[in-house]
There are 2 protein chains.
Amino acid sequence: MPAKRTEIAELGEFGLIERLTCQFPIRNASTVLGAGDDAAVIDAGERYLLLSSDMLLEGVNFDLVYFPLKHLGYKAVVVGINDIYAMNGTPEQLTVCIGVSAKFSVEDLEELYSGIRSACEDYRIDLVGGDTTASVNGLAISVSVAGSVDKDKIAYRSGARVNDIVCITGDLGAAYMGLHLLEREKRAFAGNDSPQPQFEGYEYLLRRQLKPTAASDTVASLRSAGIVPTSMIDLSDGLASDMLQICKNSGCGVRLYLERIPIARETHKMAEELHADPVVAALNGGDDNELLFTVPVTQQAKIAGIGGIDIIGHITPASTGTRLVTPDGSELSLTAPGFREQ
Amino acid sequence: MPAKRTEIAELGEFGLIERLTCQFPIRNASTVLGAGDDAAVIDAGERYLLLSSDMLLEGVNFDLVYFPLKHLGYKAVVVGINDIYAMNGTPEQLTVCIGVSAKFSVEDLEELYSGIRSACEDYRIDLVGGDTTASVNGLAISVSVAGSVDKDKIAYRSGARVNDIVCITGDLGAAYMGLHLLEREKRAFAGNDSPQPQFEGYEYLLRRQLKPTAASDTVASLRSAGIVPTSMIDLSDGLASDMLQICKNSGCGVRLYLERIPIARETHKMAEELHADPVVAALNGGDDNELLFTVPVTQQAKIAGIGGIDIIGHITPASTGTRLVTPDGSELSLTAPGFREQ
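Being a predicted model, the structure only gives us computed values, none of them experimental. (Residues numbered from 1 in each chain as written. Chains lettered and ligands numbered in written order. Predicted model: local features only at pLDDT ≥ 70, side-chain atom pairs only at ≥ 80, totals over all residues. Heavy atoms only, no water.)

Draft legend 1. The overall build of chain A, seen in detail. Of regular secondary structure, chain A possesses ten helices and 13 strands. Taking the principal axes of its C-alpha atoms as reference, chain A extends roughly 55 × 55 × 50 Å. For chain A, with 342 residues in total, the buried portion stands at 57%. For chain A, restricting intrachain contacts to residue pairs at least 6 apart in sequence, the fraction spanning at least 24 positions comes to 83%. (Helix = DSSP H or I, 4+ residues; strand = E, 2+ residues; numbered from the N terminus. Buried < 20%, exposed > 50% of the residue type's maximum accessible area, 1.4 Å probe, protein only. Contact = heavy atoms within 4.5 Å.)

Okay, structure coming up:
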């Protein structure tokens, strides 16, 4: 055991990954891009192959008290394949590793896999392998997704250019509100063997948390419209953090307009109930499974024609910083918990 | 929760995987082979791309009482890349997902990653991504490896033909004996704060368990000799189980000669100490990280010329079964715990 002890919390997730992986050189000519984007990029000859891996652990990334196993399986696939869509690619293959403790029955795992199967059907993905092992405690899931993209169509986080417009799909903060709702009902019914939680009217928030949609339609629409985003990222950590990732990787700044950030009516209503700020949920909530991307300003009309996409700002020189403009015209600095510039 | 409850132990690992994955069709033309071999096979145009994933959980797959984190990182890579070598391929990219509880410090994880880095150096692998998440209990590691192989050089489990010779690299049972030794010393020193276990003379067994070697040299030697195995498998579950996998997938039988199974002197010695049967360790011990493969009998002289490879039997028609021939000429049926014919 080394003498010095630094707590992981001191570094945060981004800092930890950087510290652990900074000394890994790239040795193979086929490795076009290693860590640092939504997926790794491998040169497969005619096309690029994309590869991404995620891990979900019970008690941290999901709570089986309110997360049905079938939905969990579905969501694990959606989260995984969105990393491929975020490179403007098409996910094609999936491996799933699971670690399961003795509390799970074969029927439980069949529920999990029926959700995985359902997502594979919806998005045309092939389950091509994986691993099962026992676990001491709870359920561990690891999903790796392979996909491909034409070399001239790939979208990195690093390609945003000054004057590009910033686009976002769907609406933000709803999944986060759904999670809060589920946590509230869990607390209210703790110790009650047959709880009857009140979910009526909250269906949208719950669906955003429990059965998210992957970004396949957006990628297909952009393709049909002949648009290749200059940069793109999967919105998993919240708009603020993910926008900062694009700015950092592209060496640019941004101006986002607060009133243009799409927030659903249901999210506003729930925020009111919880005495929470819906904008904070949108900026920092995470779990949205939407795409954030930039395109040249010349494509603005085309983007407007697609539908389901909002233009929320534009890219600026790095020297002007990352700014959030409020409805009254004042400017805030766009920051995110855990995000580190270097 | 479904009404019926079937315990996972009733099915075993192979049965469980089959039950969970049997209803997954292949939808993408790029998927050449899904689950059921050492790695999935993806058509990448000129070459095949290979993809494999494994999960290792603390308390089940490793015990940190005697497994140093650096060695664990190294072994996780070796176990992962051997799946690619077992397809006669070259591993090139690696993703690593880790789940870590608060008992681990940043320095602990640096130890783990120094082992991963060391293996990446030794085998020329690029770390290209992954995920870190918190865990409630202990350490979870998931490794995915991508590699490639010329289309005419790939070795599946399914290509063994009658009269092919059965070849094995290295020696068997040593890693299993190393594990028993570590478990024995752990029990002997339980509760002792500064144990001084006696490992002198056992270095080979410990190395086989704690710092295994991947099969890169074998694959390179076969390539130089112009040999493409008709079938190949990574020896992870023990010779018996893995041989049965080749027979099942190739639709053939086998005759293995017990006295030809390579067992190291140190393994024999340790087996004597433990009053255990070294042959059982070789057949069912697992963790050997060697390759089991078949080649046409016409290649026998070439195989003998490579060195480090033993010919332990030959492939027979399925009708003659899977047989183990003892030194006195009697025949046993080759079986493996957990292995299911259908």
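From this point, the discussion proceeds with the structure in view.
Draft legend 2. Local environment of the packing of aromatic side chains. Applying the stated criterion across every chain yields a total of two aromatic pairs over all chains. Look at Phe24 of chain A and Tyr113 of chain B: their rings are 6.3 Å apart centre to centre, the planes differ by 85°, and that puts the pair in the edge-to-face class. Of this pair, Phe24 of chain A sits in the loop between helix 1 (8–21) and strand 1 (31–33) while Tyr113 of chain B sits in helix 3 (residues 106–123), each in a different chain. Classification of Phe24 of chain A by relative accessible area gives buried; the value is 11%. Owing to a relative accessible area of 3%, Tyr113 of chain B belongs among the buried residues under this scheme. Note that Arg260 of chain A overlies the ring of Tyr257 of chain A, its terminal NZ or CZ placed 4.9 Å from the centroid. The ring of Tyr74 of chain B has Lys211 of chain B lying over it, and the distance from NZ or CZ to the ring centre is 4.8 Å. (Phe/Tyr/Trp six-rings, centres within 6.5 Å; stacked < 30°, edge-to-face > 60°. Lys NZ or Arg CZ within 6 Å of the ring centre and 35° of its normal.)

Draft legend 3. Just the domain arrangement of chain A, in detail. All names here are of chain A. Domain assignment breaks chain A into domain 1 (38–152) and domain 2 (165–333). For domain 1 versus domain 2, the separation of C-alpha centres amounts to 22 Å. Contact residues are listed per partner, giving 22 residues for domain 1 and 22 residues for domain 2. Buried surface at the junction of domain 1 and domain 2, both sides included, amounts to about 1900 Å², of which 54% is carbon and sulfur. At the boundary of domain 1 with domain 2, the tally comes to two salt bridges. Among the ionic pairs, Lys75 bridges to Asp287, the shortest N-O distance being 3.2 Å. Counting across the domain 1 and domain 2 interface gives eleven residue pairs in polar contact (both at pLDDT 80 or more). In terms of residue count, the dominant contributor to the side of domain 1 that touches domain 2 is helix 2 (residues 69–85) (nine residues). Split by residue class, the side of domain 1 that touches domain 2 holds twelve nonpolar, five polar and five charged. (Domains from an automatic or database assignment. Buried area = accessible area lost by both parts, 1.4 Å probe. Salt bridge = Lys/Arg side-chain N within 4 Å of Asp/Glu carboxyl O. Polar contact = N/O pair within 3.5 Å; in protein donor to acceptor, adjacent residues only side chain to side chain. Nonpolar A, V, L, I, M, F, W, Y, C, P; charged D, E, K, R; others polar.)

Draft legend 4. Molecular detail of the relation of the copies chain A and chain B. Once chain A has been moved 0.0 Å along the axis and rotated by 180°, it coincides with chain B to within an RMSD of 0.0 Å. Both copies of the chain, as the preceding transformation shows, are related through a two-fold rotation axis. Taking C-alpha positions as reference, the residue of chain A nearest the rotation axis is Ala44 of chain A, located at 2.9 Å. Comparing contact sets, 100% of the residues at the interface of chain A also lie at the interface in chain B, consistent with an isologous, same-surface contact. (Least-squares fit on C-alpha atoms with pLDDT ≥ 70 in both.)

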